[in-house]
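Here are the chains, one letter per residue:
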Amino acid sequence: MLLLSRPSRVAQALGLLGWLLFVSVAAALGAQASRSAPVFYAELTRPAWAPPAWVFGPVWSLLYTLMAVAAWLVWRESAAPARRAVLGLFVVQLAVNALWSWLFFAWRDGGLAMLDVLLLLALVAATAWRFGRIRRAAGWLLLPYLAWVSFASVLTWTVWQLNPQLL
């Protein structure tokens, strides 16, 4: 039986850096659409349980870091037959994630933002499950992201319904 070894320590470090950079680029693409988000968010009628605008930056920074580490853990499992497909799924969910900011903040389309966040929720759940089948810790690292996107789904719906004139 041929055993495929894990990448060297240098390759692993470069891989982690690569995943951190890749996820950061996706985050930056979404952030471009969110440049006026604090002002727009303040204009919206929000439920009492909606977090203040300053919460989103730190939460998303933590979540993007966890996502990158989870992807890196899966990437390291070079012998896993489904690795390439599940990393592809990860990339798709990351694109859907970035799109939400454009739909909601830049284009102010509450309906499409709602559809996007529901698709994102399904993709994150599928990615977490599939990551966990390759590397259990990778699946666990995506659970805070899944919880946040679940919350964001309810918040998106509520804000959209409260602001038909703006979204």
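Residues numbered from 1 in each chain as written. Predicted model: local features only at pLDDT ≥ 70, side-chain atom pairs only at ≥ 80, totals over all residues. Heavy atoms only, no water.

Caption draft 1: Looking closely at the overall build of the protein. Along the protein, the regular secondary structure elements total seven helices and zero strands. The helix and strand sequence of the protein, counted from the amino end, reads α-α-α-α-α-α-α. Put simply, the protein has 167 residues, and 44% of those count as buried. Carbon together with sulfur atoms contributes 70% to the accessible area of the protein, which is approximately 9100 Å² in total. Treating the 12 positive side-chain charges of the protein as one cloud and the 4 negative ones as another, the clouds have centres 17 Å apart. (Helix = DSSP H or I, 4+ residues; strand = E, 2+ residues; numbered from the N terminus. Buried < 20%, exposed > 50% of the residue type's maximum accessible area, 1.4 Å probe, protein only. Areas by Shrake-Rupley, 256 points an atom, 1.4 Å probe, with all protein chains shown as cover. Lys, Arg positive; Asp, Glu negative; His and termini not counted. Charge placed at Lys NZ, Arg CZ, Asp CG, Glu CD.)

Caption draft 2: The arrangement of helix H5 (residues 110-134) in detail. Taking 1.5 Å per residue, 25 residues should reach 36 Å; H5 reaches 36 Å between its end C-alpha atoms and fits that length. Its side-chain oxygen 3.3 Å from the backbone nitrogen of Gly111, Asp109 forms the N-cap of H5. (Expected span 1.5 Å × (residues − 1). Polar contact = N/O pair within 3.5 Å; in protein donor to acceptor, adjacent residues only side chain to side chain.)

Caption draft 3: Structural view of the pattern of salt bridges. Within this structure, the stated rule accounts for one salt bridge. Close ionic contact of Arg135 with Glu77 constitutes a salt bridge, the shortest N to O distance being 3.4 Å. Within this pair, whereas Arg135 is found in the loop between H5 and helix H6 (136-141), its partner Glu77 is found in the loop between helix H3 (56-76) and helix H4 (83-106), the two being separated by 58 residues in sequence. A relative accessible area of 24% places Arg135 in the partly exposed class. Glu77 sits in the buried class, given a relative accessible area of 16%. (Salt bridge = Lys/Arg side-chain N within 4 Å of Asp/Glu carboxyl O.)

Caption draft 4: Spotlight on the nonpolar core. Among the nonpolar cores identified, the biggest contains 49 residues, and Trp60, Met67, Phe90, Phe104, Phe131 and Tyr145 are the most heavily contacted of them. Contributing elements (two or more residues each) for this core: helix H1 (9-33), helix H2 (37-43), H3, H4, H5 and helix H7 (143-162). Those residues in contact with Tyr145 that sit more than four places away from it in its chain are Trp60, Leu63, Met67, Gln93, Asn97, Leu120 and Val124. (Core = buried A, V, L, I, M, F, W, Y, C linked by side-chain atoms within 4.5 Å. Contact = heavy atoms within 4.5 Å.)

Caption draft 5: Just the side chain of Thr127, in detail. By the secondary structure assignment, Thr127 is in helix H5. Judged by its relative accessible area of 1%, Thr127 falls in the buried class.

Caption draft 6: Summary view of the packing of H5 against H7. It is the contact of H5 with H7, at a shortest axis distance of 9 Å, that shows an interaxial angle of 165°. As judged from the angle between their axes, H5 and H7 are roughly antiparallel. Handedness of the crossing formed by H5 with H7: left-handed. Residues Gly110, Gly111, Ala113, Met114, Val117, Leu118, Leu120, Leu121, Val124 and Ala125 of H5 touch H7, and the partners they reach there are Tyr145, Leu146, Val149, Ser150, Ala152, Ser153, Thr156, Trp157 and Trp160. When its residues are assigned to classes, the contact of H5 with H7 shows 14 nonpolar, five polar and no charged. (Axes fitted to C-alpha atoms, helices over the stretch in contact; angles between N-to-C directions. Parallel < 35°, antiparallel > 145°, perpendicular 65-115°, else oblique. Left-handed = near helix turned anticlockwise from the far one by under 90°. Nonpolar A, V, L, I, M, F, W, Y, C, P; charged D, E, K, R; others polar.)

Caption draft 7: Representation of a nonpolar patch on the surface. On the surface, Val10, Leu14, Leu17 and Leu21 cluster together to form a nonpolar patch covering roughly 410 Å² of accessible area. The topology assignment puts Val10 in helix H1. For Val10, a relative accessible area of 58% puts it in the exposed group. (Patch = residues over 30% accessible without salt bridge, like charges linked within 9 Å, V, L, I, M, F, W, Y side chains within 5 Å.)

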